[in-house]
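Close look at the chain arrangement
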Amino acid sequence: GKTANALSTSLKIPLSSVYKKLSELENLTLIEIEKYSVSDNGRRFKVYRSRINKAEIVIKKPEPTLWLSAN
């Protein structure tokens, strides 16, 4: 799992964008909160984890197909 701050740093995108996407992914149940951690200064933060192990997209007519494998 990773924190929002770790994702922001590794992906080089603003933290506010990360929180927005995490919220959307959480609403779609594609990610989950793995645990809550506490920093040295007492601040709580969430550690997020993907619920998807594998995704496969097949693009054929008439419509594309998406398969998701759970962790």
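Please refer to the structure placed before this passage.
Now for a description of the structure that goes with this document.

Calculation criteria
Residues numbered from 1 in each chain as written. Predicted model: local features only at pLDDT ≥ 70, side-chain atom pairs only at ≥ 80, totals over all residues. Heavy atoms only, no water. Pairing = 2+ DSSP bridges. Helix = DSSP H or I, 4+ residues; strand = E, 2+ residues; numbered from the N terminus. Salt bridge = Lys/Arg side-chain N within 4 Å of Asp/Glu carboxyl O. Phe/Tyr/Trp six-rings, centres within 6.5 Å; stacked < 30°, edge-to-face > 60°. Lys NZ or Arg CZ within 6 Å of the ring centre and 35° of its normal. Buried < 20%, exposed > 50% of the residue type's maximum accessible area, 1.4 Å probe, protein only. Arc of directions from axis to C-beta. Contact = heavy atoms within 4.5 Å. Core = buried A, V, L, I, M, F, W, Y, C linked by side-chain atoms within 4.5 Å.

Overview of the pairing of strand E1 (residues 31-38)
With seven bridges connecting them, E1 and strand E2 (residues 44-50) associate as antiparallel partners. Paired with Ser37 across the two strands is Phe45, which belongs to E2.

Re the pattern of salt bridges
Inspection of every chain in the model, using the stated rule, returns four salt bridges. Notably, a salt bridge pairs Lys21 with Glu24, separated by 3.2 Å at the nearest N-O pair. Remark: Glu24 and Lys21 occur in helix H2 (residues 15-27); sequence separation between them is three residues, near one turn of the helix. A salt bridge links Arg49 to Glu34, with the shortest nitrogen-to-oxygen separation between them at 3.9 Å. Taken together, the positions of Arg49 in strand E2 and Glu34 in strand E1 put the pair 15 residues apart, joining distant regions of the chain. Residues participating in the shared-partner salt-bridge network are Glu32, Glu34, Arg49 and Arg51.

Notes on the packing of aromatic side chains
Considering all chains together, one arrives at zero aromatic pairs under this definition. Taking the ring centre of Tyr36 as reference, the NZ or CZ of Arg44 above it sits at 4.7 Å.

What about helix H1 (residues 4-11)?
Every α-helical turn comprises 3.6 residues, leaving residues that sit three or four positions apart pointing alike. Among the residues of H1, those classed as buried are Ala4, Leu7 and Ser8. For H1, the angular spread of the buried residues around the axis is 100°, confining them to a single face. In this structure, the buried residues of H1 make contact with H2 and E2. Lys12 sits one or two positions beyond H1 and adopts a positive phi of about 55°.

So, the nonpolar core
Formed by Ala4, Leu7, Val18, Leu22, Ile31 and Tyr48, the largest nonpolar core amounts to six residues. Those elements giving two or more residues to this core turn out to be H1 and H2. Residues in contact with Ile31, not counting those within four places in the same chain, are Leu22, Leu25, Glu26, Tyr48, Arg49, Ser50 and Arg51.

Describing the pairing of strand E3 (residues 52-58)
In this structure, E3 lies alongside strand E4 (residues 65-70), joined through six bridges in antiparallel fashion. Looking at the pairing, Ile52 lines up with Ala70 of E4. In sequence, E3 turns back onto E4 through a hairpin of six residues.

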